[in-house]
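Listed below, chain by chain, are the residues.
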Amino acid sequence: MTTIATVLFGYAAVLAVVSPRFLTSQWLTRSPRLALALWHSCAVSVLLASILATVACYADDGLLRGWLTGIDGSRGVPGIFAAAVAVLVPTVLIGRVTLTVWQVLARHRVERDRHLKLVCLLGRHDHRLGVAVIPADVPAAYCVPGSKQIVLTRGAMAILRDSELRAVLAHERAHLAGRHHLLVAWADALQKAFPRVPLFSAMQQSTAHLVELLADDQTLRRESAESLASAIAALGCARTPTAALAATGGSVLTRVERLLAPPAPLPVATRVGAAGAAMSLVVLPILPTLILAAGHMACPHLFG
């Protein structure tokens, strides 16, 4: 195993285990968008490092030189085996992630279509609000991603004041406009593909909560914090379809407390530094691989 491969494998392992301890810090809830960027940058960084480490691991066996200059028969079975492994492992890793993402999105699509059919059968369209209202006494409000459909129950309309109703609708429209369901689906897919990796398990839970905080912040540009907080409290913990994003998603108590006692914004220096860290996390695993490739081309007698 090359030094670069060892570094990349070690980097991926440490980041996958240690990063959740730092990313669950309370200061990140002061900027949900930044927190989401850090979580997902860490995930991409771990995946990239794992894939590139495999390639670097077998580079000394002639794989990279074979790609650059052509493989001749003199390298024998070990070189061919190393090349096959170095291609197969990243392919399997990428394939597993791709397949799981497709399965998650397909399942959500089936559940979404099934639920929309029920809404069409049971509900009525409220032209004033631009939402579908279903005859259920349990108060609930949610959006169905991918359809731009917002659903309210009759029970929700009965208990929400006009200001609260506007806040709830603004919250759901923020979900739809931001396509937050894609972030949730990506985090869900990584957790299902690699269930024992601490980073992916923690990211799944944090993403579901952070998109709610992000929608809350966007709602406050138009509606009052008191209206949104009271609406969330009034709706309680209503159950919603799996493929939907609800106004009562995430940690309800934490959201209400944050709305009523908003934390101070992060300093500009902190935001810039964290944004730079998020971008660096994506680029960092690529640098050693570029160094290895440059070394093979410039000084093949040293790297071969």
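Conventions adopted
Residues numbered from 1 in each chain as written. Predicted model: local features only at pLDDT ≥ 70, side-chain atom pairs only at ≥ 80, totals over all residues. Heavy atoms only, no water. Salt bridge = Lys/Arg side-chain N within 4 Å of Asp/Glu carboxyl O. Helix = DSSP H or I, 4+ residues; strand = E, 2+ residues; numbered from the N terminus. Buried < 20%, exposed > 50% of the residue type's maximum accessible area, 1.4 Å probe, protein only. Axes fitted to C-alpha atoms, helices over the stretch in contact; angles between N-to-C directions. Parallel < 35°, antiparallel > 145°, perpendicular 65-115°, else oblique. Contact = heavy atoms within 4.5 Å. Nonpolar A, V, L, I, M, F, W, Y, C, P; charged D, E, K, R; others polar. Pairing = 2+ DSSP bridges. pLDDT = per-residue confidence, 0-100. Core = buried A, V, L, I, M, F, W, Y, C linked by side-chain atoms within 4.5 Å. Phe/Tyr/Trp six-rings, centres within 6.5 Å; stacked < 30°, edge-to-face > 60°.

**Quick word on the pattern of salt bridges**
Oppositely charged side chains are able to pair whenever their charged atoms sit close together. Per the stated rule, a full pass over the model turns up 10 salt bridges. Between Asp188 and Arg107 there is a salt bridge, and its shortest N-O distance comes to 3.4 Å. A residue pair is termed long-range when its members are at least 10 positions apart, and Asp188 in helix α7 (residues 180-193) and Arg107 in helix α4 (residues 76-122) qualify at 81 residues. The salt bridge partner of Asp217 is Arg258, with a shortest N-O separation of 2.9 Å. With Asp217 in helix α8 (residues 198-219) and Arg258 in helix α10 (residues 252-260), the pair connects residues that are 41 residues apart, well separated along the chain. Residue classification places Asp217 among the partly exposed residues on the basis of a relative accessible area of 26%. In this structure, a network of salt bridges that share partners links the residues Arg107, Glu111, Asp188 and Lys192.

**Examining the packing of helix α6 (residues 162-178) against helix α9 (residues 225-235)**
Contact pair α6 / α9: the axes reach a minimum separation of 8 Å and the direction vectors enclose 90°. When the interaxial angle is binned, α6 and α9 end up roughly perpendicular. Across the interface between the two elements, Ser163, Glu164, Ala167, Val168 and His171 of α6 pack against Ser227, Leu228, Ser230, Ala231 and Leu235 of α9. Of the residues contributing to the contact of α6 with α9, the split by class is 5 nonpolar, 4 polar and 1 charged.

**A look at the sheet that holds strand β4 (residues 149-153)**
If you trace the 5 strands from one edge of the open sheet to the other, you get β1-β2-β4-β3-β5, paired in mixed fashion. In this open sheet, the two strands that pair with only one neighbour each are β1 (124-126) and β5 (245-246). When strand β3 (residues 141-144) meets β5, the two strands line up antiparallel, connected through 2 bridges. Within β5, the residue paired with Tyr142 across the bridge is Ala246.

**A word on the confidence of the model for the protein**
On average, residues of the protein carry a pLDDT of 84, and 83% of them reach 70 or more. The low-confidence segment residues 67-77 (pLDDT under 50) makes 9 contacts with residues lying over four places distant or belonging to another chain.

**Quick word on the pairing of strand β2 (residues 131-134)**
Residue alternation in β2 divides its side chains into two sets, Val131 and Val133 and Ala132 and Ile134, and both sets are buried. Pairing of β1 with β2, which is carried by 3 bridges, proceeds in the antiparallel orientation. Bridging from a neighbouring strand, Arg124 pairs with Val133 of β2. Hairpin connection from β1 to β2: 4 residues lie between these consecutive antiparallel strands, with Gly130 at a positive phi of about 75°. With 3 bridges joining them, β2 and β4 adopt parallel strand pairing. Across the sheet, the residue bridging to Val133 is Leu152, located in β4.

**Side note on the nonpolar core**
Side chains of a nonpolar character, in soluble globular proteins, are inclined to be buried together. With 41 residues, the main nonpolar core has Trp39, Val46, Leu190, Phe194, Leu199 and Phe200 as its most contacted residues. Mapped onto this core, the elements with two or more residues apiece are α1 (3-23), α2 (32-57), α4, α7, α8 and α11 (268-283). When residues in this core are grouped by element, the largest group, 14 residues, is from α2. Here Phe194 is in contact with Leu47, Leu93, Arg96, Val97 and Phe200, once residues within four sequence places are set aside. Of all hydrophobic cores here, the second largest spans 16 residues; its members include Leu160, Val168, Leu235 and Ala247.

**Description of the packing of aromatic side chains**
Counting across every chain of the model gives 1 aromatic pair. Between Phe194 and Phe200, the aromatic rings sit 5.8 Å apart at their centres with planes inclined by 40°, giving tilted as the arrangement. For the pair formed by Phe194 and Phe200, the shared burial category is buried.

**Details of unusual backbone geometry**
One non-glycine residue, Lys148, lies in positive phi territory at about 60°. When you line up the elements, Lys148 lands in the loop between β3 and β4. Non-glycine residue Arg179 carries a positive phi angle of around 50°. Assignment of secondary structure puts Arg179 in the loop between α6 and α7.

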